[in-house]
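Listed here are the chains, written in short residue letters.
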Amino acid sequence: MSNTQHLKPLKCDICIIGAGSGGLSVAAAAQQMGANVILCEGNKMGGDCLNSGCVPSKALIEASRSMAHIMKAKQFGIDSQTAIDFKAMHQHIHRVIETIAPHDSIERFESLGVKVILAYAHFIDSKTIQAGEHLIHAKYIVIATGSRARILPISGLSQIDYLTNETIFDLSEKPEHLVIVGGGPIGCEIAQSYALLGTKVTLLEASTEILGAADSDCKTVVINAFNDLKINVITEVKIDSFSQDSDGLKYIYYQHNDHHRKLTASHVLIATGRTPNIEKLHLEQANIKHTVRGITVDARLRTNHKHIYAIGDIASPLQFTHMASYHASIVIQNILFKLPAKVDYSSFPWVIYTTPEIAHTGLAIQEAQQQNLQILTLSFKDNDRAQASLATDGMIKVAVNHKGQILGVSIVGENAGELISPWTLAIKNNLRIKHMASLITPYPTLSEINKCVAGSFYTPKLYSAKTRKLVQFLMRWF
């Protein structure tokens, strides 16, 4: 410990490493509930979500959706002229970040009583953390360092000016041709946003399909929207190398259908997944078990040391901001109240913010089909509000067992992310399809889709020959 003798000693109940969504949630709750908390952050308060993830991407997406509404305005009988000011849009994105930032700021957390240390933290041993000039001894430690864009080791990539989610929101001019490497949710959201804003977009994906784990029928609806925008989607691609000329043009050399091909782009975005931020933690000095995917935890989010927890992207099968917030609630129950709370992902919801959106909760529809569960389906075309809004491109699919227990739901369509919440509640609380079918919904709303698809579970019985005979008997004799 001789090399740490010059450091300032601190003691606390909980030391949190990382001030992203998960770390901030634990810090705010624990301090206000009576714990003594130290929060360490070596980069920006708010983490990836605020600065280069959820917040700026949704600001961009909403800007592009304005164009989507304008494009269909003629169908409503409205003719409008539009001009896109990329500088103004860039200002909008960063204005949104600045508006939300105070909620995640040092000032707010210090006002709550949290000691904030702006320095990267690492383990000295399993009980001790070093952050800047401080040596922290903590009863509990929560690791919440999140993730960053995964950069594949492709020849020439390091020699070109490529973009990631951390830099694309700094663009203040329209890209002429944006090539996106990676057809997962992030790649697809940004591809469609820029295509709506008038950029030529090419999307390269190594696997056979884009949009990850989404239901195949839901994917089809979004892919049709991509086709309408002339987004060039190329799957089963193997990229060989990149290069850049003196004018800044980028060249992508790849293989497709056994042919060597070349693309020229003004901008290249790398969206090939995420990698956990664990390198600076010195996990080996605390003997904390981990893999290239992140830190190994149990169902209570504890590492192999019961007083050290890991939450969010570094400890999750799914990387979402609301997962980190959910993990924070599990940790709070375990540390503060000594409750053996465990994670339960059976009703976890997620949304892909394309236009239209894809939302899902519970069991995957494909898995439900493999288990021979009943799949209830309803098109947005059958909803009066969708017809009035010209938002009929969509559907809902609900997986139920023979008893009517709701097990999984996928929705594609306008406001799918809002429509999924009651299904998440239903699955979490083991509700059955009758509860959704009996729900009174205002007319006309998109939420009637939920009620109507639930009601279809009973249609075969209600309109069967057996029911008709029963009704005829009752009408005749009573």
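- Under an unreviewed UniProt entry, the name given to the protein chain is Dihydrolipoamide dehydrogenase, and the source organism is Cysteiniphilum litorale.
- Reading the Sequence similarities (unreviewed entry) entry of the UniProt record for the protein chain gives the comment "Belongs to the class-I pyridine nucleotide-disulfide oxidoreductase family."

## Points about unusual backbone geometry
Working step 1: Cis geometry is found at the peptide bond from T355 to P356, where omega equals 10°.
Working step 2: Within the secondary structure, P356 sits in the loop between β19 (349-352) and β20 (357-362).
Working step 3: Note that the residue after Y443, namely P444, is joined by a cis bond; omega there is -10°.
Working step 4: Positive phi values are uncommon outside glycine, yet L390 reaches one of about 55°.

## Things to note about the UniProt feature "domain: FAD/NAD(P)-binding" (unreviewed entry) in the protein chain
Working step 1: Residues annotated in UniProt with the feature "domain: FAD/NAD(P)-binding" (unreviewed entry) correspond here to residues 13-327.
Working step 2: Annotation note: span residues 13-327, helix share 29%, strand share 26%, distance between end C-alpha atoms 19 Å.

## Quick look at the pattern of salt bridges
Working step 1: The final tally for this structure, using the stated rule, is twelve salt bridges.
Working step 2: With a closest N to O distance of 3.0 Å, E209 and K219 form a salt bridge. Here the residue E209 occupies a position in the loop between β9 (200-204) and α7 (216-228), and K219 occupies one in helix α7, the gap between them amounting to ten residues.
Working step 3: In this structure, D298 engages R302 in a salt bridge whose closest nitrogen and oxygen atoms are separated by 2.9 Å.
Working step 4: A relative accessible area of 24% means that D298 is categorised as partly exposed.
Working step 5: Connected through salt bridges with shared partners, the residues E62, R65 and E357 form a single ionic network.

## Comments concerning the nonpolar core
Working step 1: The biggest cluster of nonpolar side chains holds 41 residues, and the ones touching the most others in it are I168, I180, I190, Y194 and I358.
Working step 2: At the level of elements, α3 (54-71), α4 (86-100), β8 (177-181), α6 (185-196), β9, α7 and β19 are the ones that each hand at least two residues to this core.
Working step 3: At six residues, the largest contribution of residues to this core is made by α6.
Working step 4: Counting residues in hydrophobic clusters, the runner-up holds 28 residues, among them V26, M45, V116 and I330.

## Observations regarding the state of the cysteines
Working step 1: By the definition in use, this model includes zero disulfides.
Working step 2: Not part of a disulfide, C12 finds its nearest cysteine sulfur in C15, a span of 5.2 Å.
Working step 3: Cysteine C15 shares no disulfide, and the gap to the nearest cysteine sulfur, in C40, comes to 4.0 Å.
Working step 4: Overall, C15 belongs to the buried group, its relative accessible area being 0%.

## Focus: the packing of α3 against α6
Working step 1: Where α3 meets α6, the closest approach of the two axes is 8 Å, and the angle between their N-to-C directions is 45°. Classified by the angle their axes make, α3 and α6 are oblique. Relative to α6, α3 is oriented so that their crossing is left-handed. Contacts between α3 and α6 pair K58, L60, I61, S64, M67, A68 and M71 from the former with E189, S193, Y194 and L196 from the latter.
Working step 2: In terms of residue class, the contact of α3 with α6 is made up of seven nonpolar, two polar and two charged.

## Notes on the UniProt feature "binding site: FAD" (unreviewed entry) in the protein chain
Working step 1: Per the UniProt record, the feature "binding site: FAD" (unreviewed entry) sits at K58, T145, G146, S147 and D313.
Working step 2: With respect to the helices and strands, K58 occurs in helix α3.
Working step 3: Judged by its relative accessible area of 24%, K58 is partly exposed.
Working step 4: With respect to the element layout, G146 can be found in the loop between β6 (134-143) and β7 (147-149).

## Brief notes about the sheet that holds strand β22 (residues 395-400)
Working step 1: Read from one edge of the open sheet, five strands run β19-β20-β23-β22-β21, paired in antiparallel fashion. Both outer strands of the open sheet, β19 and β21 (374-379), are each paired with one neighbouring strand and no more. Pairs of neighbouring strands in the sheet enclose a mean axial angle of 10°, with direction left out of account.
Working step 2: Taken together, the six bridges between β22 and strand β23 (residues 406-413) define a ladder with antiparallel strand orientation. By the bridge assignment for β23, V400 is matched with I406.
Working step 3: This element, helix α12 (residues 421-428), spans β19, β20, β22 and β23 of the sheet and lies at about 170° to β23.
Working step 4: Sheet strands in contact with helix α14 (residues 448-455) are β21, β22 and β23, and its direction is about 135° off that of β21.

## Considering the side chain of S105
Working step 1: With respect to the secondary-structure elements, S105 resides in the loop between α4 and α5 (106-112).
Working step 2: Of the residues examined, S105 reaches a relative accessible area of 14% and is grouped as buried.

## Comments concerning the environment of L10
Working step 1: You can see L10 is positioned in strand β1 (residues 8-17).
Working step 2: Through-space distance from the C-alpha of L10 to that of A63 is 46 Å; in sequence the pair is 53 residues apart.
Working step 3: Those residues in contact with L10 that lie beyond four places of it in its chain are I38, K115, I117, H134, L135, I136 and H137.

## Topic: the sheet that holds strand β13 (residues 259-265)
Working step 1: The three strands are arranged β11-β12-β13 in an open sheet whose pairing can be described as antiparallel. Sheet topology places β11 (238-244) and β13 at the edges, where each strand pairs with a single neighbour. Neighbouring strand axes in the sheet, compared pairwise and without regard to direction, differ in orientation by 20° on average.
Working step 2: Pairing of strand β12 (residues 250-256) with β13, which is carried by seven bridges, proceeds in the antiparallel orientation. The residue bridging Y253 from the neighbouring strand is K262, located in β13.

Rules and cut-offs
- Residues numbered from 1 in each chain as written.
- Predicted model: local features only at pLDDT ≥ 70, side-chain atom pairs only at ≥ 80, totals over all residues.
- Heavy atoms only, no water.
- UniProt positions renumbered as here; feature names shortened; annotations may be inferred.
- Helix = DSSP H or I, 4+ residues; strand = E, 2+ residues; numbered from the N terminus.
- Salt bridge = Lys/Arg side-chain N within 4 Å of Asp/Glu carboxyl O.
- Buried < 20%, exposed > 50% of the residue type's maximum accessible area, 1.4 Å probe, protein only.
- Core = buried A, V, L, I, M, F, W, Y, C linked by side-chain atoms within 4.5 Å.
- Disulfide = S-S within 2.5 Å.
- Axes fitted to C-alpha atoms, helices over the stretch in contact; angles between N-to-C directions.
- Parallel < 35°, antiparallel > 145°, perpendicular 65-115°, else oblique.
- Left-handed = near helix turned anticlockwise from the far one by under 90°.
- Contact = heavy atoms within 4.5 Å.
- Nonpolar A, V, L, I, M, F, W, Y, C, P; charged D, E, K, R; others polar.
- Pairing = 2+ DSSP bridges.

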